[in-house]
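Architecture at a glance
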Amino acid sequence: MSRNSQSSGRRQFLKQSVALSGLLGAPGVLRAATRRRQLNVAAVGVNGMGWSDLNNIGTHAGVHFAGFCDIDSSRFDKADAAYPGVKHWADYREMFEQLGTGFDAVIVSTPDHMHAPVAMAAMKMGKHVYCQKPLTHTVWEARQLNQMAAKVGVITQMGNQIHSAKEYRLGVRLIQDGAIGKVQAVHSWVGVQGRQYCQRTDRPATAEVPASVNWDLWLGAAQERPFAADVYHPFKWRDWQDFGSGALGDFGCHILDPVFTALGIRHPISIHAENSGTTTEVWPGPETVTWKFRGTKYTTGPIEVVWRDGGLKPPAELAGMPTERQLPAAGSLFIGEGGTMVLPHVGMPQLYPADRFADYKLPEVAGASHWHAWVDAVLAGQKTTDGFDYAGPLTETVQLGNVAARLPGMTIEWNAESFRTNVPAADRLLTKSYRSGFEVPGV
Ligand SMILES: NC(=O)c1ccc[n+]([C@@H]2O[C@H](COP(=O)([O-])OP(=O)(O)OC[C@H]3O[C@@H](n4cnc5c(N)ncnc54)[C@H](O)[C@@H]3O)[C@@H](O)[C@H]2O)c1
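Here's what I pulled together on the structure shown here. (Residues numbered from 1 in each chain as written. Predicted model: local features only at pLDDT ≥ 70, side-chain atom pairs only at ≥ 80, totals over all residues. Heavy atoms only, no water.)

**Re the side chain of Glu-281**
- Among the secondary structure elements, Glu-281 is positioned in the loop between strand S8 (268-275) and strand S9 (287-293).
- Judged by its relative accessible area of 16%, Glu-281 is buried.
- Polar contacts involving the side chain of Glu-281 include one to the side chain of Arg-203, which spans 2.8 Å.
- Leaving out residues up to four positions away in the same chain, Glu-281 has contacts with Thr-201, Arg-203, Arg-225, Asp-239, Trp-240 and Gln-241. (Helix = DSSP H or I, 4+ residues; strand = E, 2+ residues; numbered from the N terminus. Buried < 20%, exposed > 50% of the residue type's maximum accessible area, 1.4 Å probe, protein only. Polar contact = N/O pair within 3.5 Å; in protein donor to acceptor, adjacent residues only side chain to side chain. Contact = heavy atoms within 4.5 Å.)

**Let's talk about the packing of helix H6 (residues 139-152) against helix H12 (residues 388-405)**
- For the pair H6 and H12, the least separation of the axes is 8 Å and the interaxial angle reads 170 degrees. Judged on the interaxial angle alone, H12 and H6 are roughly antiparallel. Across the interface between the two elements, Val-139, Ala-142, Arg-143, Leu-145, Asn-146 and Ala-149 from H6 touch Phe-388, Asp-389, Gly-392, Pro-393, Thr-395, Glu-396, Gln-399, Leu-400 and Val-403 from H12.
- Considered class by class, the residues forming the contact of H6 with H12 number eight nonpolar, four polar and three charged. (Axes fitted to C-alpha atoms, helices over the stretch in contact; angles between N-to-C directions. Parallel < 35°, antiparallel > 145°, perpendicular 65-115°, else oblique. Nonpolar A, V, L, I, M, F, W, Y, C, P; charged D, E, K, R; others polar.)

**Some thoughts on the packing of helix H9 (residues 246-255) against H12**
- Where H9 contacts H12, the two axes come as close as 9 Å, and the packing angle between them is 150 degrees. When the axis of H9 is compared with that of H12, the two are roughly antiparallel. In this structure, H9 crosses over H12, and the sense of that crossing is right-handed. Of the residues in H12, those touching H9 at Leu-248, Gly-249, Gly-252 and Cys-253 are Leu-394, Thr-395, Val-398, Gly-401 and Asn-402. (Left-handed = near helix turned anticlockwise from the far one by under 90°.)

**A few points about the packing of aromatic side chains**
- Scanning the model with the defined rule gives 16 aromatic pairs in all.
- Taking 4.9 Å as the distance between ring centres and 75 degrees as the angle between the ring planes, the aromatic pair formed by Phe-65 and Tyr-83 counts as edge-to-face. One end of the pair, Phe-65, is in strand S2 (residues 63-69); the other, Tyr-83, is in the loop between helix H3 (77-82) and strand S3 (88-89), with 18 residues separating them in the sequence.
- With relative accessibility at 2%, the residue Phe-65 sits in the buried group.
- These aromatic residues form a ring-pair network of at least three members: Trp-215, Trp-218, Phe-227, Tyr-232, Trp-240 and Phe-243. (Phe/Tyr/Trp six-rings, centres within 6.5 Å; stacked < 30°, edge-to-face > 60°.)

**Here we look at the pairing of strand S1 (residues 39-44)**
- The element S1 is extensively covered by neighbouring structure, given that six of its six residues are classed as buried.
- Both faces of S1 are covered, namely the face carrying Leu-39, Val-41 and Ala-43 and the face carrying Asn-40, Ala-42 and Val-44.
- Two strands pair when backbone bridges link them, and S1 and S2 are joined in this way by six bridges, in the parallel orientation. If you follow Asn-40 over to S2, its bridge partner there is His-64. (Pairing = 2+ DSSP bridges.)

**A short note on the sheet that holds S8**
- Read across the open sheet, the nine strands follow the order S13-S12-S11-S7-S10-S9-S8-S14-S15; overall the sheet is mixed. Of all the strands in the sheet, the pair left with one neighbour each is strand S13 (350-352) and strand S15 (420-421).
- Pairing analysis gives six bridges linking strand S7 (residues 183-189) to strand S11 (residues 331-336), with the strands arranged antiparallel. Considered in S11, the bridge of Trp-189 is made with Gly-331.
- Each of S7, S9, strand S10 (299-309) and S11 touches H9; the most contacted strand, S10, lies at about 140 degrees to it.
- In the packing of H12 onto the sheet, contacts are made with S8, S9 and strand S14 (411-415), and the angle to S8 comes to roughly 45 degrees.

**Focus on the site of the ligand**
- Near the ligand you find 28 residues, and of these Met-49, Asp-70, Arg-75, His-115 and Gln-161 are the closest.
- Contact distances for the ligand include 2.9 Å between an oxygen atom and a side-chain N or O atom of Trp-237.
- Arg-238 is positioned such that a nitrogen or oxygen atom in its side chain is 2.9 Å from an oxygen atom of the ligand.
- When residues of the shell around the ligand are traced back to their parent elements, those giving at least two are helix H8 (215-219) and H9.
- Its residues assigned to classes, the shell around the ligand shows 10 nonpolar, 11 polar and seven charged. (Near = heavy atom within 4 Å.)

Here it is as C-alpha cells:
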C-alpha cells in the first residue's frame, strides 16, 4: 500500500477538520483550535529543492499529500516514485481551486519570483505555508507575507532549514550566553557570486520551449521574455534579477539567520553596497553589503553587519584565530568584547583566542528537523521559530541589500515603519510590477 493510501473513515475525519478550519480564521489568532492528526499538503515545485522539501515533510507520519504542482511535466518522477497516486497540476491556481477544502497547507519551492504569488494565494485561502528562502523576491512582498500570515493566523516557516540545525542553534546560544561578551560587529560571507551560473550579462538567443515545460506558467509574475535553453529553467534563474536574488538572496537567509536570531536584530537603519558593477539584467559579481542596526542587549551599541560574496572574505586577522587556520568557505564571524566566534556554514562554532576558551564547556544543544517542526507546529496549533514574523524582516533585510546592490556606492537610510528610504530610486526598487494573473494583493 502506498504511503498516500488512506481509509475512507480517515478521509471523513479530515474533511470535517478541514471544513472546521475554514471557519476559524480569526485575525491574529493561530488556528490552535484546529488540532489535527493529519495534514493534507499540496506541493508547488516538486523537483530541485522542492523534492527535498516534500520528501522531508512527507516523512512525517501526519502528512498526506493532496496534490503536486510543477510547470515541467518531466520533473514529477521523484515525487511520484516516493508518493504514487498523487494528482498532478501545472498551474497552482487551478490546483488550489480544485482542491479547495481538500488541502490544509502548502510547500512553496518555486524560483524566488513566484514565492509571494503562490504563498499569498494559499494564505488568502487560510492555508499554512512552508516557503523556501528567500521568503520573497522583493522587500514589499516580505512585508505583505508577514502581515497576511498574522492577519489570517496561519502557521508558517521559511525553508532555511539550517535554522533548526544543532550547529546554528549552538552558535546562537553561545552569543546569547555571552561567551564572547557583547558583540561589536559581524562579518558574513559566501564564496559564490551573483552571476555565476550563466556567465552572461545579456539576454541569450531564444530557443524552442521543451514539450514538458509550460513557459508561461514558469514566467508567472515576471514580465514576458522568450524561453532560452540552459539559462533560466531549471536552477540558473538565480543569476537574473527578474527571477532570482543573486548570491545574497541565495545564501543570505541561511548565513544571516543565526546573526539575526543571536543578536535579536530586526530592521536595518541603513544599507550600503559596493560591487563589481551591475546591470538591469543580472545580479552583480563580487560584492560587499553593509547594514547598520540599532543596538540590542547582545551588542555593545549600534552594530554593523557586513556581507561579502564572490570570493571576498573578511580580513582573517579579525577572527583572532591561529594564523595556520583558515576562515571557512562560508559563514559568519562575530567580534565580541571578550573574543571572537567563527560560525561556519554549516559547522560547529569555534571560539577564539583558542587558549582563552580551552576550558569553556559548550552547552548541550540539540538539532531538529526544520520540516517536521513546521508540521508539528501546524498539527498542534503552535508558532514556529522561523515563521513569517521572523523570516519577513530577515528577508526584507536581505532584499534591501539587493536594492542597495543596484545602487552601489550610495548609503540608503531605511525607515521600516514608514516603509521608505531617503533615496527615490531605492524606493522604486522595493517592489516591482506583476504580469496579469499573478499579482500579489496587498494586505
Ligand atoms: N533551503 C535550501 O537549502 C535551498 C537549496 C536550493 C534551493 N532553495 C530554494 O528553493 C527554491 C527552488 O530552487 P531550486 O534550486 O530547486 O530551483 P529549480 O529551478 O531547480 O527547481 C524548481 C522546481 O519548481 C518548478 N517550478 C518552477 N516554477 C514553477 C511554478 N510557477 N509552479 C510550479 N512549479 C514550478 C520547476 O519545474 C522545478 O521542478 C528557490 O527559492 C531556492 O532559493 C533552497
